[in-house]
Number of protein chains: 2
Amino acid sequence: MDKATTEHIVWHQHAIDRAARAALNGHPPLLLWFTGLSGSGKSTLAGALEHELHRRGVRTYLLDGDNVRHGLCSDLGFAPADRQENLRRVGEVAKLMVDAGLVVLAAFVSPYRAERDAIRARFADGEFIEVFVDTPLAACEARDPKGLYKKARAGEIRHFTGIDDPYEAPLQPEIRLVNDNLPLAEGVARLLSALQQHGVLP
Amino acid sequence: MDKATTEHIVWHQHAIDRAARAALNGHPPLLLWFTGLSGSGKSTLAGALEHELHRRGVRTYLLDGDNVRHGLCSDLGFAPADRQENLRRVGEVAKLMVDAGLVVLAAFVSPYRAERDAIRARFADGEFIEVFVDTPLAACEARDPKGLYKKARAGEIRHFTGIDDPYEAPLQPEIRLVNDNLPLAEGVARLLSALQQHGVLP
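Below you will find a few notes about this structure. Worth saying up front: this structure is predicted, and the values here are computed from it rather than measured. (Residues numbered from 1 in each chain as written. Chains lettered and ligands numbered in written order. Predicted model: local features only at pLDDT ≥ 70, side-chain atom pairs only at ≥ 80, totals over all residues. Heavy atoms only, no water.)

**Some words on the overall build of chain A**
For step 1, the next point in the chain: Counting its regular elements, chain A contains nine helices and five strands.
For step 2, the next point in the chain: Counting helices and strands in the order they occur from the N terminus, chain A gives α-α-β-α-β-α-α-β-α-β-α-α-β-α.
For step 3, the next point in the chain: When its C-alpha atoms are laid out on the principal axes, chain A stretches across 75 × 40 × 25 Å.
For step 4, the next point in the chain: For chain A, the residues scored as buried account for 51% of the 202 residues in total.
For step 5, the next point in the chain: Considering only residue pairs separated by 6 or more positions, chain A has 73% of its internal contacts joining residues 24 or more positions apart.
For step 6, the next point in the chain: In the form shown here, chain A has an accessible surface area of approximately 9400 Å², with 53% of it arising from carbon and sulfur atoms.
For step 7, the next point in the chain: Between the averaged position of the 24 positive side-chain charges in chain A and that of its 27 negative side-chain charges there is a distance of 2 Å. (Helix = DSSP H or I, 4+ residues; strand = E, 2+ residues; numbered from the N terminus. Buried < 20%, exposed > 50% of the residue type's maximum accessible area, 1.4 Å probe, protein only. Contact = heavy atoms within 4.5 Å. Areas by Shrake-Rupley, 256 points an atom, 1.4 Å probe, with all protein chains shown as cover. Lys, Arg positive; Asp, Glu negative; His and termini not counted. Charge placed at Lys NZ, Arg CZ, Asp CG, Glu CD.)

**Section: the nonpolar core**
For step 1, the next point in the chain: Judged by nonpolar contacts, the single largest core of 46 residues is most densely connected at L31, L63 and M97 of chain A together with L31, L63 and M97 of chain B.
For step 2, the next point in the chain: When residues of this core are traced back to their parent elements, those giving at least two are β1 (30–35), β2 (60–64), α5 (80–99) and β3 (103–107) of chain A together with β1 (30–35), β2 (60–64), α5 (80–99) and β3 (103–107) of chain B.
For step 3, the next point in the chain: Residues within four places of L31 of chain B in sequence aside, it is in contact with A94, V98, V104, A106, I119, F123, E127, F128 and I129 of chain B. (Core = buried A, V, L, I, M, F, W, Y, C linked by side-chain atoms within 4.5 Å.)

**Remarks on the sheet that holds β2 of chain B**
All names here are of chain B.
For step 1, the next point in the chain: With parallel pairing, the five strands of this open sheet are ordered in space as β2-β3-β1-β4-β5. What marks the edges here is a single partner per strand, and that holds for β2 and β5 (175–178). Each neighbouring strand pair of the sheet contributes to a mean axis angle of 20 degrees, computed without reference to strand direction.
For step 2, the next point in the chain: The sheet contact formed by β2 and β3 spans five bridges and is parallel. In the strand pairing of β3, D64 is matched with A107.
For step 3, the next point in the chain: Its contacts with the sheet put helix α6 (residues 113–120) on β1 and β4 (128–134), and the angle it makes with β4 is roughly 150 degrees. (Pairing = 2+ DSSP bridges. Axes fitted to C-alpha atoms, helices over the stretch in contact; angles between N-to-C directions.)

**With respect to the pairing of strand β4 (residues 128–134) of chain A**
Residue and element names in this part refer to chain A.
For step 1, the next point in the chain: The buried count for β4 comes to six of seven residues, which makes it a mostly enclosed element.
For step 2, the next point in the chain: Alignment of β1 against β4, held across five bridges, turns out to be parallel. When the bridges of β4 are listed, L32 appears paired with I129.
For step 3, the next point in the chain: With four bridges joining them, β4 and strand β5 (residues 175–178) adopt parallel strand pairing.

**What to know about the relation of the copies chain B and chain A**
For step 1, the next point in the chain: The operation relating chain B to chain A is a screw motion whose rotation component is 180 degrees, with 0.0 Å of axial translation and a residual RMSD of 0.0 Å. Read as a symmetry element, the transformation amounts to a two-fold axis.
For step 2, the next point in the chain: When the interface residues of chain B are mapped onto chain A, 100% of them again lie at the interface, so the same face is used by both copies. (Least-squares fit on C-alpha atoms with pLDDT ≥ 70 in both.)

**Here's the deal with the pattern of salt bridges**
A side chain with one charge may pair with a side chain of the opposite charge, provided their charged atoms come close.
Residue and element names in this part refer to chain A.
For step 1, the next point in the chain: Tallied over the full model, the rule gives 34 salt bridges over all chains.
For step 2, the next point in the chain: Residue E186 is joined to R190 by a salt bridge in which the shortest nitrogen-to-oxygen separation is 3.0 Å. With a gap of four residues between them, E186 and R190 both fall in helix α9 (residues 184–197), about one helical turn apart.
For step 3, the next point in the chain: E186 sits in the partly exposed class, given a relative accessible area of 35%.
For step 4, the next point in the chain: Overall, R190 belongs to the partly exposed group, its relative accessible area being 40%. (Salt bridge = Lys/Arg side-chain N within 4 Å of Asp/Glu carboxyl O.)

**What to know about the side chain of E130 of chain B**
For step 1, the next point in the chain: Relative to the helices and strands, E130 of chain B resides in strand β4.
For step 2, the next point in the chain: With a relative accessible area of 3%, E130 of chain B lands in the buried category.

**Some words on the environment of C140 of chain B**
For step 1, the next point in the chain: Relative to the helices and strands, C140 of chain B resides in helix α7 (residues 137–143).
For step 2, the next point in the chain: Residue C140 of chain B is classed as buried on the basis of its relative accessible area, which comes to 0%.

**Observations concerning the packing of aromatic side chains**
For step 1, the next point in the chain: Using the criterion set out here, one finds ten aromatic pairs over all chains in the structure.
For step 2, the next point in the chain: With a centroid separation of 5.0 Å and an interplanar angle of 80 degrees, the aromatic rings of Y149 of chain A and F160 of chain A are classed as edge-to-face. In this pair, Y149 of chain A is assigned in helix α8 (residues 148–153) and F160 of chain A in the loop between α8 and β5, connecting sequence segments eleven residues apart.
For step 3, the next point in the chain: According to the relative accessible area criterion, Y149 of chain A is buried, its value standing at 1%.
For step 4, the next point in the chain: A residue is classified by how much of its surface remains accessible, and F160 of chain A, at 10% relative accessible area, is buried.
For step 5, the next point in the chain: Consider the rings of F123 of chain B and F128 of chain B, whose centres lie 6.2 Å apart with planes at 45 degrees: the pair is tilted. (Phe/Tyr/Trp six-rings, centres within 6.5 Å; stacked < 30°, edge-to-face > 60°.)

Right, dumping it as structure tokens:
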């Protein structure tokens, strides 16, 4: 029984923690929070960046409306309180995933400064990187990939960010990317460079 | 711009999916759902198993009341509907983490068959492994690590599983571990052996 007893003690003293996961993965965990108007290119940029990070051996995961709204937040609608709870849960899931050692990329309009800052406050210094995808409203509306701006202008959607609801731009985002006619590869290159400058990528 | 355009297309055609993550990690993802009475040893076994899996290079994460109740489910209490929603969210977080390539270990009493089966139904065949930690009630009550049985017997806690609320034992769990005076190392060895038999560990 000695071995079992010893191992019991060892296991409890050395639970698998962030340091152990970072050592196994070869990189620290991180949350990259992409914020910007609908149609600004957040998801496309985040997906392309994830591709590059994965190619370099980084353990990643991309959280967006698609994989959250159909599962974890399927009980929530789009009223203000529901949207707030949706973002809160996304932040908490990201926190668990960062604890699990992953580089999490989250792409949500997240228009209110207070909500983004509340998520930031859940993370250690340097673990939360705010990526402001700063695309002019006119460009977002010209693209309108889901036809949402058209509906908002027609009054079919109310409280649409940028039209009849405010977008509160980040005051001091870690990364700001002006995404107006920027080729995707160039955008990804700039993001990689910025992450290196922040010391969160080798 | 040719390169950018090409990469754009490639990125969109080859989003990072489960296969890509499994190739990078060297193992498929999985959810190990530990169920059993309070004090049955679920968390201790799950923690010790996680330690062993991590040592073998498996990317793991342990979900339990501690890391879920204080964050993602901090808005929930312990009324039946809240406990149900708590487990539903845990299942959805586990689903996202499995999608992210992790071997997730979840340790929750989860006394009702229907709730466990609802979580199972969210996963592909073979991705959900139910681990029934089958410890006799008398043994759990004798250990009573948190003093909860004592309070339940005194009527200070109502609807306590095993005392005045039922525990619905799994009918066909993938793994059943009788955990009565079983040394921890032996329990972990049996779990590892069972996982190998299920073909989910190399």
